[in-house]
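Understanding the architecture of this molecule
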Amino acid sequence: MDSGGGAVTMPANDSDPVLITAAAPSYEQQLATRKRKYVIMMGCRIPCLIAAGLTYHVWWLALGFLAISVPLPWIAVLIANDRPPRKSEQVNTYRREATAIEGTTHRVIDG
């Protein structure tokens, strides 16, 4: 199989080609995933605001819910606009074996 995290599709019979790929998800798939994250995070803001309104008599609890709900839109936009990181690919380069220098003794003639 594939150890690089790609998809491996086995053929139905011997005449079908095998698809082996480590390609990134399409732009449409990435956009759908980012939209889903945004909607979930913004959906979490509404219960926080409601909880803050319901717990107004306990000021520190209401303030905590408000403190959570205020940065959520900013965080949601940052996450929704962030694309997945690009995969770092290692370049396969040729490395030849180092040749050893002779280890024999040579006669030195002093002049």
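**Remarks on the overall build of the protein chain**
- Secondary structure assignment for the protein chain yields three helices and two strands.
- Looking at the protein chain residue by residue over its 111 residues, the buried ones come to 11%.
- Across the protein chain, every contact between residues at least 6 apart in sequence was considered, and the portion connecting residues at least 24 apart equals 45%.

**Some points on the side chain of Ser69**
- Here Ser69 shows up in helix α2 (residues 59-69).
- One polar contact links the side chain of Ser69 to the main-chain carbonyl oxygen of Leu66, over a distance of 3.1 Å.
- Beyond its immediate stretch of four places on either side in the chain, Ser69 contacts Arg45, Cys48 and Leu49.

**Things to note about the confidence of the model for the protein chain**
- Summary statistics for the protein chain give a mean pLDDT of 78 and a share of 69% for residues scoring 70 or more.
- The secondary-structure element of the protein chain with the lowest mean pLDDT is strand β1 (residues 7-9), recorded at 53, while α2 shows the highest, at 93.
- Long-range and interchain partners of residues 1-5, a stretch whose pLDDT sits below 50, account for five contacts in this model, where long-range means more than four residues apart.

**So, the packing of helix α1 (residues 27-54) against α2**
- Put simply, α1 and α2 touch, their axes get as near as 8 Å, and they point 160° apart. Taken as axis vectors, α1 and α2 run roughly antiparallel relative to one another. Pair α1 / α2 crosses with left-handed handedness. From α1, Arg45, Cys48, Leu49, Ala51 and Ala52 reach across to α2, where they touch Ala62, Phe65, Leu66, Ile68 and Ser69.
- Taken together, the residues of the contact of α1 with α2 sort by class into eight nonpolar, one polar and one charged.

Analysis parameters
- Residues numbered from 1 in each chain as written.
- Predicted model: local features only at pLDDT ≥ 70, side-chain atom pairs only at ≥ 80, totals over all residues.
- Heavy atoms only, no water.
- Helix = DSSP H or I, 4+ residues; strand = E, 2+ residues; numbered from the N terminus.
- Buried < 20%, exposed > 50% of the residue type's maximum accessible area, 1.4 Å probe, protein only.
- Contact = heavy atoms within 4.5 Å.
- Polar contact = N/O pair within 3.5 Å; in protein donor to acceptor, adjacent residues only side chain to side chain.
- pLDDT = per-residue confidence, 0-100.
- Axes fitted to C-alpha atoms, helices over the stretch in contact; angles between N-to-C directions.
- Parallel < 35°, antiparallel > 145°, perpendicular 65-115°, else oblique.
- Left-handed = near helix turned anticlockwise from the far one by under 90°.
- Nonpolar A, V, L, I, M, F, W, Y, C, P; charged D, E, K, R; others polar.

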